[in-house]
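# Chain and residue survey
Spelled out, the chains give:
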Amino acid sequence: MKKQEGRVIYLMGPSGAGKDSLLDWLMNHLPPELPMRLARRTITRPSTAGGEQHCGVDAAAFERLRAADRFALDWQANGLRYGVAHAELAPVEAGAWVVVNGSRAYLAQALARFPRLTPVHVTASVDTLRRRLLARGRETAQDVEARVQRAVAFQPPTDAIRIDNDGTLAEAGAHLLRALAQLAGRSPLEPRLSGSPPRSGCE
């Protein structure tokens, strides 16, 4: 049997597209026929801040790690630094598929580092993005509109998997599973009901 080739699945998308929710859905519904692991990120915010399970460090510690070449990928967004350690992506060399919660602005650098990288662009209609961002109440209407216009201006690679997340999360998740199954050369897959693959810990 031919050995499976490793691959980085690089999820990205604008604020309001529901990327994080879709990523959680994916990792909790992966069927056994399509095993993947989620790369844990190192972020300059406390580990107790909520949201994703991540390795929280301060800015000085992050820079020390970066200077020591501990990251395979690292970028800055929304006032925070994000890094993915080499150890998190090492399984790719052994034929594994690893999912990275990435940044649109960093895509070119990520592709240069991992030629076998598959971009997944999670998006939604302008009206949906605007409504979701306004509902969060974190930004002014002007700031929200600026985010929406940046989302409209972004052009993903032509070979990127596009997921329109205007409907239910289950619909978007099923669409993504079908696309990944096709990428793997498999027949359509049924999502499992619950449970998620183990995530590796901080270094």
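As a starting point, this report considers the structure included with it. (Residues numbered from 1 in each chain as written. Predicted model: local features only at pLDDT ≥ 70, side-chain atom pairs only at ≥ 80, totals over all residues. Heavy atoms only, no water.)

### Section: the overall build of the protein chain
- A tally of regular secondary structure across the protein chain gives seven helices and nine strands.
- A burial count over the protein chain gives 43% of its 203 residues as buried.
- Residue pairs at least 24 apart in sequence account for 70% of intrachain contacts in the protein chain once pairs closer than 6 positions are excluded.
- With the model as given, the accessible surface of the protein chain reaches about 10,600 Å², and the carbon-plus-sulfur share is 51%. (Helix = DSSP H or I, 4+ residues; strand = E, 2+ residues; numbered from the N terminus. Buried < 20%, exposed > 50% of the residue type's maximum accessible area, 1.4 Å probe, protein only. Contact = heavy atoms within 4.5 Å. Areas by Shrake-Rupley, 256 points an atom, 1.4 Å probe, with all protein chains shown as cover.)

### Thoughts on the packing of helix H1 (residues 19-29) against helix H7 (residues 169-183)
- For the pair H1 and H7, interaxial distance at closest approach is 10 Å and the crossing angle is 60 degrees. The way H1 lies across H7 gives a crossing that is right-handed. Contacts between H1 and H7 involve Ser-21, Leu-22, Trp-25, Leu-26 and His-29 on the former and, on the latter, Leu-169, Ala-170, Ala-172, Gly-173, Ala-174, Leu-176, Leu-177 and Leu-180.
- Residues of the contact of H1 with H7, tallied by class, amount to 10 nonpolar, three polar and no charged. (Axes fitted to C-alpha atoms, helices over the stretch in contact; angles between N-to-C directions. Left-handed = near helix turned anticlockwise from the far one by under 90°. Nonpolar A, V, L, I, M, F, W, Y, C, P; charged D, E, K, R; others polar.)

### Quick look at the nonpolar core
- By size, the foremost hydrophobic cluster in this structure holds 29 residues, and its most contacted members are Ile-9, Met-36, Val-99, Val-120, Leu-176 and Leu-180.
- Listed by contribution, the elements that provide at least two residues to this core are strand E1 (7-12), H1, strand E7 (97-101), strand E8 (117-123), helix H5 (126-136), helix H6 (141-153), strand E9 (161-164) and H7.
- Filtering out sequence-adjacent residues up to four positions away, Ile-9 remains in contact with Met-36, Trp-97, Val-98, Val-99, Val-100, Thr-118, Val-120, Leu-180 and Leu-183.
- Val-8, Ala-39, Leu-80 and Leu-89 belong to the second largest nonpolar core, which has 20 residues in total. (Core = buried A, V, L, I, M, F, W, Y, C linked by side-chain atoms within 4.5 Å.)

### Some thoughts on the sheet that holds E7
- With respect to topology, five strands assemble into an open sheet ordered E2-E7-E1-E8-E9, the strand pairing being parallel. Two strands in the sheet have a free side with no partner beyond their single neighbour: strand E2 (37-38) and E9.
- As defined by bridge partners, E1 adjoins E7 across five bridges and the pair is classed as parallel. Along E7, the bridge assignment pairs Ile-9 with Val-99.
- Contacts between H1 and the sheet are confined to E1, E2, E7, E8 and E9, with E7 contributing the most and set at about 155 degrees to the helix.
- The sheet strands contacting H7 are E1, E7, E8 and E9, and the helix crosses E9 at an angle near 165 degrees. (Pairing = 2+ DSSP bridges.)

### Focus on the sheet that holds strand E3 (residues 42-43)
- Sheet architecture is open: four strands sit in the order E4-E3-E6-E5, paired in mixed fashion. Taken across any chain shown, the strands that pair with only one partner, and hence form the sheet edges, are strand E4 (55-56) and strand E5 (71-77).

### Some details on the pattern of salt bridges
- Inspection of every chain in the model, using the stated rule, returns eight salt bridges.
- With its nearest N and O atoms 3.4 Å apart, the salt bridge here joins Asp-127 to Arg-130. With Asp-127 and Arg-130 both in helix H5 and three residues apart, this pair spans about one turn of that helix.
- Here the residues in one salt-bridge network are Glu-63, Arg-66, Asp-74 and Arg-81, joined through shared partners. (Salt bridge = Lys/Arg side-chain N within 4 Å of Asp/Glu carboxyl O.)

### Things to note about the packing of H5 against H6
- Here H5 crosses H6 at 145 degrees, and the two axes come no closer than 10 Å. Considering how the two elements wind past one another, H5 and H6 form a crossing that is right-handed. Residues Val-126, Leu-129, Arg-130, Leu-133 and Leu-134 of H5 touch H6, and the partners they reach there are Ala-141, Val-144, Glu-145, Arg-147, Val-148, Ala-151 and Val-152.
- Along the lines of polarity and charge, the residues of the contact of H5 with H6 split into nine nonpolar, no polar and three charged.

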